[in-house]
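# An overview of the molecular structure
In case you want the letters, here they are:
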Amino acid sequence: MIATIARKEFIELIRDGRFRWAAAIVLALLVTALLAGAYYQRDLVKQQRAAQAAEQARWYDQGSKNPHSAAHYGLYAFKPRLAPAFLDPGVEPYTGIAVWLEAHKQNETIFRPSEDATVAQRFGDMTVALVLQTVVPLVIIMLGFNTFAGERERGTLRQLLSVGLRARDLATGKLLGSAAALALIAGPAILLGATTIALIGPAGGELRFMLLAVAYLLYLGIFLFLTLAVSARSSSSRLALVVLLAFWAVNCLLAPRIMSDFAAELHPLPEGVAFKARLQAALHDPAGPSIMMRDRTAELLHRYRVTREQDLPLNLAGLSLQVGEDYGYEVFGKFYNELYAPMEAQVGLLQRAAALFPQLGIQAISMGLAGTDLAQHRDFTRAAEEHRRAELKVINDDILEHPVKAGDMHFGDHDLWAKVPAFRYQAPAVGWVLSNHALTFVLLVLWFGLAACFAWTGAARLRPL
Amino acid sequence: MLRTEHLTKRFNSFTAVDDLCLNVAAGEIFALLGPNGAGKTTTINCFLGFLAPDQGRVLVDGLDVNTHALETKRRLAYIPEQVNLYGHFSGVENLAYFNELGGARHDDVTLRKFLCEAGLQADAHDRRVSHYSKGMRQKVGIAMALAKSAKALILDEPTSGLDPSASHEFTVLLQRFAATGAAVLMATHDLFHAKQVANRVGIVRHGKLVHALTAAELSDADLERLYLEVMESGQP
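Residues numbered from 1 in each chain as written. Chains lettered and ligands numbered in written order. Predicted model: local features only at pLDDT ≥ 70, side-chain atom pairs only at ≥ 80, totals over all residues. Heavy atoms only, no water.

### Considerations on a nonpolar patch on the surface
As a reminder of what qualifies: Grouping into patches uses exposed residues only, defined as over 30% relative accessible area, and leaves out salt-bridged ones; the cut-off is 9 Å for like charges and 5 Å for nonpolar side chains (Val, Leu, Ile, Met, Phe, Trp, Tyr). Only the protein chains shown count as covering a residue, and every accessible area follows the Shrake-Rupley method with a 1.4 Å probe. Every case where a carboxyl oxygen of Asp or Glu lies within 4 Å of a side-chain nitrogen of Lys or Arg is listed as a salt bridge. Helix numbering and strand numbering both begin at the N terminus, where a helix is a DSSP run of H or I of at least 4 residues and a strand a DSSP run of E of at least 2.
Together, A:Val250, A:Leu253, A:Leu254 and A:Ile258 make up an exposed nonpolar region whose accessible area comes to about 330 Å². Within the secondary structure, A:Ile258 sits in helix α10 (residues 237-266).

### Observations regarding the pairing of strand β3 (residues 29-33) of chain B
Residues and elements named next belong to chain B. Rule in force here: For the exposure calls, accessible area comes from a 1.4 Å probe over protein chains only, and a residue counts as buried if that area is under 20% of its type's maximum, exposed if over 50%, partly exposed in between. Strands are treated as partners if at least two bridges between them are detected by DSSP.
The buried count for β3 comes to five of five residues, which makes it a mostly enclosed element. Looking at chain direction, β3 and strand β8 (residues 183-188) are connected through five bridges and run parallel. The residue of β8 that forms the bridge with Ala31 is Met186. Strand direction decides the pairing type here: β3 and strand β9 (residues 200-205), joined by four bridges, are parallel.

### Topic: helix α3 (residues 91-101) of chain B
We count it as follows: Any pair of residues with heavy atoms lying within 4.5 Å of one another is described as a contacting pair.
Most of α3(B) is tucked away: nine of the eleven residues are buried. Listing the buried residues of α3(B) in full gives B:Gly91, B:Val92, B:Asn94, B:Leu95, B:Tyr97, B:Phe98, B:Asn99, B:Glu100 and B:Leu101. Considering only its buried residues, α3(B) is in contact with α1 (2-15) and α7 (156-162) of chain A together with α2 (69-75), α4 (108-117) and α5 (134-148) of chain B. Phi turns positive one or two residues past the end of α3(B), at B:Gly103, with a value near 95°.

### As for the confidence of the model for chain B
All names here are of chain B. Applied cut-off: pLDDT: the predictor's confidence for each residue, scored from 0 to 100.
Summarising the model, chain B shows a mean pLDDT of 87, and 96% of its residues fall at 70 or more. Across chain B, element-level confidence peaks in strand β4 (residues 55-60) with a mean pLDDT of 94 and bottoms out in helix α8 (residues 220-233) with 70. Reported confidences for the modelled complex are a pTM of 0.82 and an ipTM of 0.84.

### Digging into the interface of chain A and chain B
For the record, the criterion: Summed over both partners, buried area is the accessible surface (1.4 Å probe) that two parts give up on being assembled. Two N or O atoms form a polar contact when they lie within 3.5 Å of each other; inside protein one atom must be a possible hydrogen donor and the other a possible acceptor, and for residues adjacent in sequence the pair counts only when both atoms belong to side chains. Three categories are distinguished: nonpolar for Ala, Val, Leu, Ile, Met, Phe, Trp, Tyr, Cys and Pro, charged for Asp, Glu, Lys and Arg, and polar for the others, with Gly belonging to the last.
Counting residues at the interface gives 24 residues for chain A, matched by 27 residues for chain B. Together, the buried faces of chain A and chain B total about 2,400 Å²; carbon and sulfur atoms form 60% of this surface. At the junction of chain A and chain B, the tally comes to two salt bridges. For B:Glu93, the salt bridge is made with A:Arg15, and the minimal N-O distance between the two is 2.8 Å. Across the chain A-chain B interface, the total number found is twelve residue pairs in polar contact (both at pLDDT 80 or more). Of all the secondary-structure elements, those providing two or more residues to the side of chain A that touches chain B are α1, α6 (149-154) and α7 of chain A. For the side of chain A that touches chain B, the leading source of residues is α1(A), giving seven residues. Looking at the side of chain A that touches chain B residue by residue, the classes come out as nine nonpolar, six polar and nine charged.

In structure tokens:
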């Protein structure tokens, strides 16, 4: 009986011109977003690989020069893109995708696509994530708001219940039929996404893509259940449509903006100019490195069993530079923590707000699995900073180990540059991402369960009168 | 086959059906006459299990509707004033769908045979129902009852809005259906149609059955006079 209802519901939707148009529009939007994202990703990955190789070659081939000059010469580290990143660019357009590694400074990431955005792009990029998070729920509402309310209005519900049909069987059949019709949109979209990922790479994003598909099916399932629930409980299809559209507008349009503003108000970032001024003041505080320099010099004197600095077989300029860096690490660490702490608190608040608005949950999970959320951005900057520190240690140790007479200068060569390993960034494992978003996943599953219960109980109470 | 025992149904302080006792035997057509608000549709809703009685019992084939909801519905066919079908489906598809939900399964040929028996032209079977007239929809409703082998048929204002020819065709179909041994309970405003088709006529007012007579006992003029007397008397 349930299969009969599901089959009828499916055929009825397919024959409905509204469904055909909606499916065509959604598929066109998804294909456009997929192709645009894939094209951008392919281009970006190619450019990044070429730039990273050129940077490395430039580093190795910089010729003979003072090692500290080489440290200032610096090099770029690029955040490698994960395959599913083209589905959801996340925070990358605002945080940037490359960092300039040089002596004395822990730079912020640069090359932010948003800086190059045209005026039209201020209205938002057409991404697969946007279509799935905003457009498809609207299509589900438009197709499903009259599922039960319409039956009641047309009088077919009375006809159905008069033949001895149980309301729950009707609800289950309708749910399966609607889901099958929506699968006609979701199926090709998932297949196309998987094919695009396989074609453009980089490899290794399959698991993330599959989990993304599951998360989006969960999110869209919430909308399907809510639509059926509201339709079952509404006295008219017009009322059902108004209620569902109001929920859609609040969830998909208002909540992301209002909650972001609220989070920013609750956890404000440090004021930019004052923050930079304080950072500079702390970096240039002479008291900080001088104590560190005194202690480390004393340690070297003790190790080499001498009492005067000039008797050390070392170039203390190298020590001074390293001490300056070590002091800088502490200062940068403290200040960047101060900067990131409110950002992470804001993100945490937005994730918890998924308890009220599922859109915020899927947004967070989507960015996480695409590798474009704040946590993974921070992980990249941490890895880049570790690389910078390793590079400076190699350089400063080389300076330290090469004492020079007054007026002379030590030069580094290719062998020294080759001691600095190429920057290789390994994105966090899927397990790490999932653990970051465990609460959000739980909230989405709860939404799904509650929406299903809401639909189930609503359908069980269906009355034809 | 269709029976109410002291059926009473109230909506807050309004009593829609008041101690109603009815019995429609197999093969009989019983017309329930009355003005709007007399309790005809409420009685039908009680037979369909859409409303629970406040007092009394409603029985179909000896089974209480309240305690045997699914079983009684399996024995019933219901044709409302407007047979509501799915516009994107053809007549035969609608029949197949409702038939399967009612627990019966027939092949395509048999379903078409039922449609033909119900008077629907073969060339209309595969046309979408959205293009059907009201009379054609009513015929699909009759075909549903035939396909279900229903023991009882309940109709709510079935000929309202039908042209005389379609109404006559429908009357013939009903009589043919009753001749198979099914009980037919029909709520209507149409005195003359009721007289023409029914074996017995009941007149209800304020939820009470005030007269129940066989059609043979009444001439058209008697029925009209009786009906108007009841309506104008202000009391049952």
